[in-house]
Amino acid sequence: MGKNIKSAVYPGTFDPLTNGHVSLVLRGLDIFDEIIVAVALHSPKNPLFSLEERVEMASSAFNGRPGVKVEPFEGLLVDYVRTQRAGAILRGMRAVADFEYEFQMALMNRRLDRNIQTVFLMTDYKWLYISSTIIKDVAKLGGDIKGLVPPEVEKKLYQKYGHL
Ligand code: PNS
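Residues numbered from 1 in each chain as written. Predicted model: local features only at pLDDT ≥ 70, side-chain atom pairs only at ≥ 80, totals over all residues. Heavy atoms only, no water.

A.B. asks: Outline the site of the ligand, supporting the account with residue identities and numerical values.
C.D. replies: Near the ligand there are 16 residues, and of these Thr 13, Lys 45, Leu 77, Arg 91 and Tyr 101 occur at the shortest range. One of the side-chain N or O atoms of Lys 45 is found 2.8 Å from an oxygen atom in the ligand. Computed on the free molecule, the ligand has an accessible area of 540 Å², of which 85% lies beneath the protein chains in the complex. Elements with a contribution of two residues or more to the shell around the ligand: strand E1 (7–12) and helix H4 (96–112). For the shell around the ligand, the element with the most residues is H4, which contributes four residues. When grouped by side-chain class, the residues that make up the shell around the ligand number nine nonpolar, five polar and two charged. (Near = heavy atom within 4 Å. Polar contact = N/O pair within 3.5 Å; in protein donor to acceptor, adjacent residues only side chain to side chain. Areas by Shrake-Rupley, 256 points an atom, 1.4 Å probe, with all protein chains shown as cover. Helix = DSSP H or I, 4+ residues; strand = E, 2+ residues; numbered from the N terminus. Nonpolar A, V, L, I, M, F, W, Y, C, P; charged D, E, K, R; others polar.)

A.B. asks: Outline the packing of aromatic side chains, supporting the account with residue identities and numerical values.
C.D. replies: Summed over all chains, the structure comprises three aromatic pairs. Here the aromatic rings of Phe 99 and Phe 103 are separated by 5.1 Å at their centres, their planes lie at 20°, and the arrangement is stacked. With a gap of four residues between them, Phe 99 and Phe 103 both fall in helix H4, about one helical turn apart. (Phe/Tyr/Trp six-rings, centres within 6.5 Å; stacked < 30°, edge-to-face > 60°.)

This is how it looks when you write it as structure tokens:
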């Protein structure tokens, strides 16, 4: 048997955090004692929200919930995971479309540090069709995103797109 990993880093761009992300963190707490939601400065995506805004939205969604910590990070994910003394990276997988991207990242991270494991949870069916990107698209055009993102994220999105 391997060692008991208590803490996992859940990294992402979180531009913005969705209810799919929230659900994954809460399910992650069934496995790990602590989940560190790590908001990336360096992401291949071109974020709509600043790093500060993304961290603020994620922090207010979890509102000091025990076992959940929200932090920004910059540089390589594996370096950040080491500084946090976490043993695992937690990621959600929605469908076949996610697989290739996730597989590539997991293998690269494993090459960079063989002591850090990537753990995948299948996204709950309720959130299978949502992504930060599709939610931004709908919000931009004034569509209804209620129930898909935390209330403070909904407000921020409509503000950003001038609908509030
Ligand atoms: O959920 P996302 O937005 O696709 O997350 C991508 C993220 C932030 C996890 C990835 O881009 C990342 O780890 N960025 C930090 C820099 C890094 O380590 N890149 C190499 C990863 S293989």
